[in-house]
Every structure is written in C-alpha cells, then in structure tokens.
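What follows is each chain in one-letter form.
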Amino acid sequence: MAYVDFLQQLHSSTPRDYVQRVVDHDKAECATIARQWGKDYWDGERCHGYGGYSYDGRWLPVAEAMARHYNLKPGMRILDVGCGKGFLLHEFTRAVPGIEICGIDISAYGLENAKEEVKPHVQLANATELPFPDQHFDFVVSLGALHNLYNYDLDKALKEVERVGKGSKYIMIESYRNEREKANLLYWQLTCYAFHTPDEWQWLMDQAGYTGDFGCIYFE
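Along each chain, numbering runs from 1 in the same order as the chain's sequence is written. Only residues with pLDDT of 70 or above have their local features reported here, since the model is predicted, and side-chain atom pairs are shown and tallied only from 80 upward, although totals for entire chains, interfaces and linings are computed over all residues. With hydrogens and water stripped out, all remaining heavy atoms of the structure feed into the side-chain values.

Colleague: Describe the pairing of strand β4 (residues 137-143), listing the residues and the values that go with them.
Modeller: Relative accessibility decides the category of a residue: with a 1.4 Å probe and only protein chains considered, values under 20% of the type maximum give buried, values over 50% give exposed, and everything between is partly exposed. In this description a helix means any DSSP run of H or I spanning at least four residues, a strand means any run of E spanning at least two, and both kinds are numbered starting from the N terminus. Among the 7 residues of β4, 6 are classified as buried, and the element is accordingly described as predominantly covered. Think of it like this: strands point away, you trace from the first strand over the helix to the second, and a clockwise trace means the crossover is right-handed. Crossover handedness for the path β4 to helix α8 (residues 151-164) to strand β5 (residues 165-175): right-handed.

Colleague: Can you tell me about the sheet that holds strand β2 (residues 100-105), naming the residues and giving the values?
Modeller: Only strands joined by at least two bridges in the DSSP assignment are considered to pair. The 6 strands are arranged β3-β2-β1-β4-β5-β6 in an open sheet whose pairing can be described as parallel. Of all strands in the sheet, those bounded by a partner on one side alone are β3 (122-124) and β6 (213-218). Strand-to-strand twist in this sheet, taken as the mean axis angle between neighbours without regard to direction, amounts to 15°. Of the strand pairs in this sheet, strand β1 (residues 77-81) and β2 are connected by 5 bridges, and their pairing is parallel. Across the sheet, Val 81 pairs through a bridge with Ile 104, a residue of β2. Only heavy atoms matter for contacts: two residues are in contact if any of them lie within 4.5 Å across the pair. Only C-alpha atoms enter the line fits that serve as axes; for helices the fit covers just the stretch in contact. Angles between N-to-C directions range over 0 to 180 degrees. Contacting β1, β2, β3 and β4, helix α6 (residues 87-95) runs over the sheet at an angle of about 175° to β2.

Colleague: Go over helix α3 (residues 27-34) with me, naming the residues and quoting the values.
Modeller: At 3.6 residues per turn, the α-helix brings residues three or four places apart onto the same side. Residues of α3 that are buried: Lys 27, Cys 30, Ala 31, Ile 33 and Ala 34. The buried residues of α3 occupy an angular sector of 160° when the element is viewed end-on, so they sit on one face. Contact partners of the buried residues in α3: α2 (18-24), α4 (39-43) and α9 (179-188). The backbone nitrogen of Ala 28 lies 3.2 Å from a side-chain oxygen of the residue at the head of α3, namely Asp 26. It is the directions from the helix axis to the C-beta atoms that the arc portrays. Two N or O atoms count as a polar contact when they lie within 3.5 Å, although within protein this holds only if one can serve as hydrogen donor and the other as acceptor, and sequence-adjacent residues are included solely when both atoms are side-chain atoms.

Colleague: Give me the packing of aromatic side chains: which residues, what numbers.
Modeller: Centre distance within 6.5 Å is the pairing criterion for rings of Phe, Tyr and Trp, where only the six-membered ring of Trp is used; planes under 30 degrees apart are then read as stacked, over 60 as edge-to-face, and the remainder as tilted. Using the criterion set out here, one finds 18 aromatic pairs in the structure. Each member of the aromatic cluster is reached from another via a ring pair, and the members are Trp 37, Tyr 41, Trp 42, Tyr 50, Tyr 53, Tyr 55 and Phe 87. The ring of Tyr 193 has Arg 35 sitting right over it, with the charged end atom 3.8 Å from the ring centre. Here, over-ring charges are defined by two tests on the NZ atom of lysine or the CZ atom of arginine: distance to the ring centre within 6 Å, and angle to the ring normal within 35 degrees.

Colleague: Talk me through the nonpolar core; I want residue IDs and the actual numbers.
Modeller: One broad trend across soluble globular proteins is that nonpolar side chains are buried collectively. For this analysis, a nonpolar core means a set of buried residues of the types Ala, Val, Leu, Ile, Met, Phe, Trp, Tyr and Cys, connected via side-chain atoms within 4.5 Å. Leu 7, Met 66, Phe 92, Phe 139, Leu 143 and Tyr 170 are the most contacted members of the largest nonpolar core, which totals 39 residues. Going through the elements one at a time, α3, α4, α5 (60-69), α6, α7 (108-112), β4 and β5 are the ones with two or more residues in this core. Once residues lying within four places of it in the same chain are set aside, the contact partners of Leu 143 are Leu 7, Trp 59, Met 66, Val 81, Leu 88, Tyr 170 and Met 172. In terms of nonpolar packing, the next biggest core, distinct from the first, is built from 28 residues, Val 81, Phe 132, Ile 173 and Phe 214 among them.

Colleague: I'd like a description of unusual backbone geometry, backed by residues and values.
Modeller: Of note, Trp 37 is a non-glycine position whose phi angle comes to about 55°, a positive value. Counting through the fold element by element, Trp 37 comes out in the loop between α3 and α4. In this structure, Gln 135 takes a positive phi of about 50° despite not being glycine. One can find Gln 135 in the loop between β3 and β4.

Colleague: Quick rundown of the pairing of β2? Include the residues and the values.
Modeller: Within β2, 5 of the 6 residues are buried, leaving the element largely enclosed by the surrounding structure. What joins β1 to β2 is α6, and the crossover it makes is right-handed. Where β2 and β3 come together, 3 bridges link them in parallel fashion. Across the sheet, the residue bridging to Gly 103 is Val 122, located in β3.

Here's what the structure looks like:
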C-alpha cells in the first residue's frame, strides 16, 4: 500500500469559508438533506452540497495522472465506486480510448443526471455489496465516497473493493493532520461519518486486507 496524492491541488483550488458555513445555516439540517443524495445535494443550494455539479473538464487531469501512474491500457476494465454523475469515468475514456468503464453509486438522482456517454455503464448499488464477480476489474477507484460510511460498513466496502479488483486500486478520503484541519473538516463536511487521520485510515485498510493505494484531501 502506498500513499499517493492525485487530488489535493484540485481540492485546494476551491475557496471555503469554514466558520461561515456553520454561522449562516442550520448545519445539522443541511447535513440531513445532503445525505438524501438527491437534487438538493447535487444541484441545490451550496449549503446542501455541491451547489450545482456540472461537467467542466476538471477531472481530465486526474484521470490522465491515474492512467499514467497505473499504466492503464485500452481494453482494461475499471470500476468507480461512488461515481456520482460519472464525470471521472467519462474522462477515463478520453485519457485511455478503448478502456471499459463501470460505475456504481447510491444516488439515483446522480445516476439519472450522469453524463450521457456513461449512462449505459453505471448502476445503482452500494459499496458494501458490489454486484460483480471476484477479480473482475483491472483498476478500482473510489474518490470521496468511503468516508461517508460508518466503520462497520467501511470495513465491508474495503473488502469488496479488494474482492472485485485484480489489479491496481486507489481510494481517496477526507482526513486531517492537525487540530485546525480537523476543525475545518467538521465545519465543512455534510456527509462524512468516518473521521480519521491518515495513519488511522491506513490501519483500517490494513485490517480489511485492502492492498491498493490511498490518498487524502485536507481542509487546510
């Protein structure tokens, strides 16, 4: 297992006023709405989630970096666990023409509003019970999804990612390295249930038998 950062630069490019997030709105109510994973989360007000999540090409450099790092080739099968609207999957088809894509998500709204090109390749499913055979995928990726699980479901999801992947695997989660980042994460997050440092995340992954790589984003 290696720590690999593909996302922090992109994550840090979005300005965030952490304290104002809890001053302007009822944070608990906003989180309750966000965890319904519906229109409010994806395309509603910013206090409930993305504040409008549309395709803008920002994920192409991420897909290209992963394709280089993991030597992804045409004909390989990849799975995105928590694919949302499928923008990253679409970028993989641009970065590696001929690659076979598949995605799952628990948000029916996200999948219904996925990029048209990927809609035939995504389905409603839970990370704790992936509907695929053992060792079916050459690359399994999950960005910003598994921290939304309680630890007992997180363990199941990590084992499922390990089960369906026969090649490289990469998971990105929210984390913190100091008290400031911990406070910012608590102020900003809406859907996170698993709050761990990078070392704790690595320990949890080791316990589940996960052998892939991981990375974190931090709320600096």
